[in-house]
Amino acid sequence: MYLKWMAGLALGQLLLLVSLQPALADTHWRIDKAPDWVEPVSADLTSAPSTEAVDYLMTDSQVNLTLKEPVEYRHFSYRINDSLGVEENSDIEIAFNPDFETVVLHHARILRDGKEIDRLSTDDIRVTDLEPEAANRIYSGYKQIGLWLKGVSAGDVIDYSYSLVGENPVFDGHASYFFDLGWGIEVGKVSVKVIASKQRPLNYRLINSDVKVSEQVQGSKIIYSVMLRNTTAVLEEGDNPNWEIIYPYLQMTDFNSWKEVTDWSVALFKRGKGKVSGELVEYIEQLKKLPKKQAIEKAIGFSQEKVRYLGIEIAENSHLPHSPAEVFENRYGDCKDKSLLLVTMLDALGVDASPVLVSTHQTKTVGDYLPTYGLFNHAIASFVYQDKRYWVDPTLTHQGTTLESFYQPDYGAALLVKKGNDQLTMMPSHSAEQHTVSVIQQYHASDYISPVRWQIQAEYTGREAERMRYRLAKTGQKRLSQEYLNYYAQLNEGIESLGAIEIEDDRLINKIVVKEEYLLPKFWKLDQSSSNSNFHFYSDLTDSYLKLPQQVNRSQHLNLYGPVTITQRSELWLPKHVYFITEDEQEVVENDYIRYTIDLTSENRKLILSHQYVTKQETVPPSASAEHIAILREARKYLEYSSSVNNVTSDPSMDAVKALLGHIHQQQTRLAK
Amino acid sequence: MKHLLPLVLVCLGLVGCATNGNQSAGSQTITNDVTAHRAELMAPAKFGSTRFFREFGEKATQSSQEAFEQNANAEAIEEYIYFLAGRNGFLDQARNGFLGSDWKTIGYNVLQDRYSSDKQQIEWEFLHVERRDGYVHSYFAVHISGHINYLNVVWSENSETIVEMHKVLYKYGELEALVSIDQLLESEQYSQIERSYFRHTMQAINRSDFQQFKIRFKELPDDLKSHPLLIDNLVQIAATDTSGILWNQLIRELAREHEPHSQYYKHYLISEQDEKALEALDTLPEFIQRHAGVLIERAAIYYDLDQMDKATLMANQAIINDPYLVMPYVVKLMVALKSDDSEGALLTLQVLKLRFEIEYDKAGLQELEGADRFLKTSFAEQYFG
């Protein structure tokens, strides 16, 4: 399942052309005039061209819900200003669901020098498969009509319209729309009109807009309409949280409450459940022989690791789950398939479980919108065991294997698909202490000129352990060793690996430890003139969390990766104790969103520099972004540290020790292998 | 076969053998000093800092008894004893004193006795510090005439004074043992007569009176015979009582029955239980396992087992970890000679000469296994000319 509400309405869709086939006008599309109920809206062609590649002159969306089948009429008009505009905007592409929808093409013209050139030619139309999420193993069955316009030149205006007739029956006649009221570029005229039955009026809500929505009653119909002129371009600043909607929308739906959405989804999952197969019953019987907690953990593991992710979301299965029996037999399914299978198994074990609808985009802000199925793009499962509610995403893999340790994602406001439920439930939020990466880097020096052995131990917990476990599985230990070496080679000239990385993985407590060992020939930089040996630490791990955003002057929220605690500790193990000038210093750079600590200490024969980055919030609001950027700049000043040990050449045995250590390092490397 | 074992065992202070211990290259001053930094170093060290413990080590090297007396406080010791008793759930009874005597005096005197230095050459090397429950645990490698004792000197964080000494090889600290004995002797878990036998058994151990010990010991119930307190005392007395053949025989029997622990280390070696000896070293704190003293113990075991690759790894690691101690180089030399690593032997001889001013003549070198072969190589020519 993916966000349907954006797919049909957004400009500039990226499309995957899987195959090309000649147009079959009688099955998927036809050419006909615009419906009579459509109120024509025309573009203003007199405006002067801008410096953009394309000027959008007009977009018009008109929906009629009072007919036997809903009809969505679309009309676009844009002027192409230069060769890039010609390159990118000369093809008309219309996505549709061939199982339920028909495309009616009304017109396609080039307007040039006051003349209309008709370009709606049957021979130029192709129907292609459209599977934009095939790379994620999601197949929707959507198709696309392509009309490749001939003879387009800079200065032309492209003007076309079409209607989509029909809808997916899985929605049971419900209406749910998000109309764009603004775009990434300026638009001369934006028009929206929806015709609904008076008996079934729509609820609407404006998002990022204060435009007036007109409501007119005409007989048995209500007509909702919006007209905007010269809308400004909405620019994404990047690094935004998923939930932040920066474009203006008009949301319309016939749902009146979350209970109605729940009722719709309960019926859907009930229909999807089907009959449980003998094999599944047998498997559940095996689970029942285990202690209940263990049985639950095994059921979760089965849904995550034994059923591969494959979304066959064709026709009604866009939202209707496949039956657990089918999923169990096929050993594949998408999020709703896996969730229903898990819920079925947990039910059979006597555990109070239900599917859950969530939005990975809107997350905690789902409640800010009108109730509708159209907000949700993901399904998970939830259950109660020993008075505690758990949330399981069966599409995740490589998780901790106990109820105490596995990562329960926080998708914000969730809708429990449970009869009678009339509200959203907030999933528990996480703390930065639950998800940690802690790296200790020990530099073992036996003098002040020889190569230094560099031992690195990275410990991952919580979500970070699961990410690392997945990465290891995906990349492979050998290739990861090579990747690590290549990475460190960029920072440390002449680095040598002293062996493959070692992994200690404990899925019971969801902790993974990665150990590496290298030789750093150029750690010490001897200054012959001063007899000083210089060294340098760089906190590369925390650096990656302190990067400035793409846009620093912000009017939008800044997303912070997390919650997470990142610790990087560099320890220089010295041959003798050295009293450094500064060896006991702590700096804290902190605001309401992050805390960054730099701690320089010394122990016996050790100099220790620790950096710690802790998130305190998930996002930085626009009002605080300037202060936050200043904090990041301040913290970044501490990423590098240099110091030196003096008078190192006064040791008469210096060269002899260096020679012996060189011999020893070679022996250690050879013998360790 | 020439054994490395007698030479190296000294490092854990379990048998007597002479080497020059913690000799280090003393002439080199390594600081990144500036005037202000020097001034800072002139100021009294802050309690708990690395400099504080290093300076304590220097004082203890001069006189451990004086170092103790300058840093001890009887009230803090008594408080620590009550802390231990409270931890054992024994606080109310402990307030009656040790078998009726005043804890403050007993505690102070026991520690004073343990810190009293004899005339031996001693050097205290500070290793590590940890904080737990309001007390600061400072760990030292104490090089005593070729032995290394690993000591934990416990300090009260409040009073900043010494409240305990714990030899890390053993299970109990000095006062911890006293409190535990007091608790056991006042416990009603055992009959009056059993407690009496236990008391007399412990006294016999402390007097090194094996005959009396045997009489009392056989009357003890089984669980008291293997009580950790009793074993801790037994192994300590056997380590210091050079005439303790009988003690050692007894401990070897006990060691066979128990999980490997560093307190049995010597007894595993004597009874040729090498694997258990290595496992016993594994029970030491990690920072002590990394110390050259422990690494060369391991090297020595592998040397005697003719596992020369492992012996080389351990000797090398000892040099890497503690390049200013002489013993790792001595062991490295022996391992290199036995392994026919002539280049390694030459390089080690040169460091011994330049860093520690230890020079070998041919006759001296020939005492070591494998030296005959080395002396026929060009590497030997480079060294001897």
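These numbers were taken from a predicted model, which means no experiment stands behind them.

Novice: Lay out the overall build of chain B with the relevant residues and their values.
Specialist: Summing up its helical and strand segments, chain B has 23 helices and 4 strands in all. Buried residues in chain B amount to 56% of all 385 residues. A separation of at least 24 residues holds for 59% of the contacts in chain B among residues at least 6 apart in sequence. Counting every atom, chain B has about 16900 Å² of accessible surface; 46% of that belongs to carbon and sulfur.

Novice: Now, about the nonpolar core: what can you tell me, with residues and values included?
Specialist: Note that soluble globular proteins tend to have their nonpolar side chains buried in a common cluster. In this structure, Trp-124 and Leu-365 of chain B are the most contacted members of the largest nonpolar core, which totals 135 residues. Contact partners of Trp-124 of chain B, with chain neighbours within four places excluded, come to Phe-56, Gly-57, Ala-60, Thr-61, Ser-64, Tyr-115, Phe-140, Ala-141, Val-142, Leu-151 and Val-153 of chain B. Ala-445, Ala-465, Phe-580 and Ala-624 of chain A belong to the second-largest nonpolar core, a separate cluster that totals 55 residues.

Novice: I'd love a proper account of the domain arrangement of chain A, names of residues and values included.
Specialist: Residue and element names in this part refer to chain A. Per the domain assignment, the segments making up chain A are domain 1 (2-254), domain 2 (260-429) and domain 3 (433-659). Look at where the C-alpha atoms of domain 2 and domain 3 centre, and you get two points 40 Å apart. With 13 residues of domain 2 at the interface, the matching set in domain 3 holds 12 residues. Summed over both sides, the interface between domain 2 and domain 3 buries roughly 1000 Å², with carbon and sulfur atoms accounting for 48% of that surface. On inspection of domain 2 and its partner domain 3, the count reaches 1 salt bridge. Measuring nitrogen to oxygen at the nearest pair gives 3.0 Å for the salt bridge that ties Glu-305 to Arg-507. Applying the counting criterion to the domain 2 and domain 3 interface returns 10 residue pairs in polar contact (both at pLDDT 80 or more).

Novice: Mind laying out helix 17 (residues 292-304) of chain B, listing which residues take part and the relevant values?
Specialist: With 13 residues, helix 17 of chain B extends 18 Å between its outermost C-alpha atoms, agreeing within 8% with the 18 Å of an ideal straight helix rising 1.5 Å per residue. Across the 13 residues of helix 17 of chain B, 13 count as buried, placing the element largely inside the fold.

Novice: Can you break down the interface of chain A and chain B residue by residue, with the values?
Specialist: Taken residue by residue, the interface counts 37 residues in chain A and 40 residues in chain B. Surface buried jointly by chain A and chain B totals about 3500 Å² across both partners, of which 56% is contributed by carbon and sulfur atoms. If you look at where chain A meets chain B, you find 2 salt bridges. Close ionic contact of Arg-355 of chain B with Asp-651 of chain A constitutes a salt bridge, the shortest N to O distance being 2.7 Å.

Novice: How would you sum up the pattern of salt bridges? Please name residues and give values.
Specialist: Residues and elements named next belong to chain A. Counted according to the given criterion, the structure contains 49 salt bridges over all chains. Between Asp-124 and Lys-150 there is a salt bridge, with its nearest N and O atoms 3.1 Å apart. Taken together, the positions of Asp-124 in the loop between strand 7 (115-118) and strand 8 (125-130) and Lys-150 in the loop between strand 10 (143-148) and strand 11 (157-165) put the pair 26 residues apart, joining distant regions of the chain. Since its relative accessible area comes to 12%, Asp-124 is described here as buried. Residues Arg-200 and Asp-254 are paired through a salt bridge, measuring 2.4 Å at the closest nitrogen-oxygen approach. Note that Arg-200 is positioned in the loop between strand 13 (187-197) and strand 14 (203-207) and Asp-254 in the loop between strand 17 (249-253) and helix 3 (258-273), a separation of 54 residues in sequence. Exposure remark for Asp-254: the relative accessible area of 7% places this residue in the buried category. Sharing partners across several salt bridges, the network here consists of Arg-109, Glu-116 and Asp-159.

Novice: Outline the packing of helix 8 (residues 462-475) of chain A against helix 9 (residues 477-491) of chain A, listing residues and values.
Specialist: Residue and element names in this part refer to chain A. At their nearest, the axes of helix 8 and helix 9 sit 6 Å apart, and the two run at 105° to each other. When the axis of helix 8 is compared with that of helix 9, the two are roughly perpendicular. Note on element contacts: helix 9 touches helix 8 through Gln-477, Arg-479, Leu-480, Glu-483 and Tyr-484, opposite Met-468, Arg-471, Leu-472 and Thr-475. The class makeup of the residues in the contact of helix 8 with helix 9 is 4 nonpolar, 2 polar and 3 charged.

Novice: Describe in detail empty space enclosed by the protein, supporting the description with residues and values.
Specialist: Counted according to the given criterion, the structure contains 6 cavities of 30 Å³ or more. Around the largest cavity sit 18 residues that line it, and Trp-573, Asn-604, Arg-605 and Lys-606 of chain A together with Leu-127 of chain B are the ones nearest its centre. Every element with two or more residues in the lining of the largest cavity is listed here: strand 1 (122-132) and helix 18 (308-321) of chain B. No other element matches strand 1 of chain B, which puts 4 residues into the lining of the largest cavity. In terms of residue class, the lining of the largest cavity is made up of 8 nonpolar, 5 polar and 5 charged.

Novice: Could you give an account of the UniProt feature "domain: DUF3857" (unreviewed entry) in chain A, naming the residues involved and the relevant values?
Specialist: Under the present numbering, the feature "domain: DUF3857" (unreviewed entry) in UniProt falls on residues 71-232 of chain A. A helix fraction of 4% and a strand fraction of 56% characterise residues 71-232 of chain A, whose end C-alpha atoms lie 29 Å from each other.

Conventions we followed
Residues numbered from 1 in each chain as written. Chains lettered and ligands numbered in written order. Predicted model: local features only at pLDDT ≥ 70, side-chain atom pairs only at ≥ 80, totals over all residues. Heavy atoms only, no water. Helix = DSSP H or I, 4+ residues; strand = E, 2+ residues; numbered from the N terminus. Buried < 20%, exposed > 50% of the residue type's maximum accessible area, 1.4 Å probe, protein only. Contact = heavy atoms within 4.5 Å. Areas by Shrake-Rupley, 256 points an atom, 1.4 Å probe, with all protein chains shown as cover. Core = buried A, V, L, I, M, F, W, Y, C linked by side-chain atoms within 4.5 Å. Domains from an automatic or database assignment. Buried area = accessible area lost by both parts, 1.4 Å probe. Salt bridge = Lys/Arg side-chain N within 4 Å of Asp/Glu carboxyl O. Polar contact = N/O pair within 3.5 Å; in protein donor to acceptor, adjacent residues only side chain to side chain. Expected span 1.5 Å × (residues − 1). Axes fitted to C-alpha atoms, helices over the stretch in contact; angles between N-to-C directions. Parallel < 35°, antiparallel > 145°, perpendicular 65-115°, else oblique. Nonpolar A, V, L, I, M, F, W, Y, C, P; charged D, E, K, R; others polar. 1 Å grid on protein atoms, 1.4 Å probe; cavity = no way out; pocket = protein on both sides within 12 Å on 5 of 7 lines; lining within 4 Å. Points joined across faces, edges and corners; volume = space filled by probe spheres on them. UniProt positions renumbered as here; feature names shortened; annotations may be inferred.

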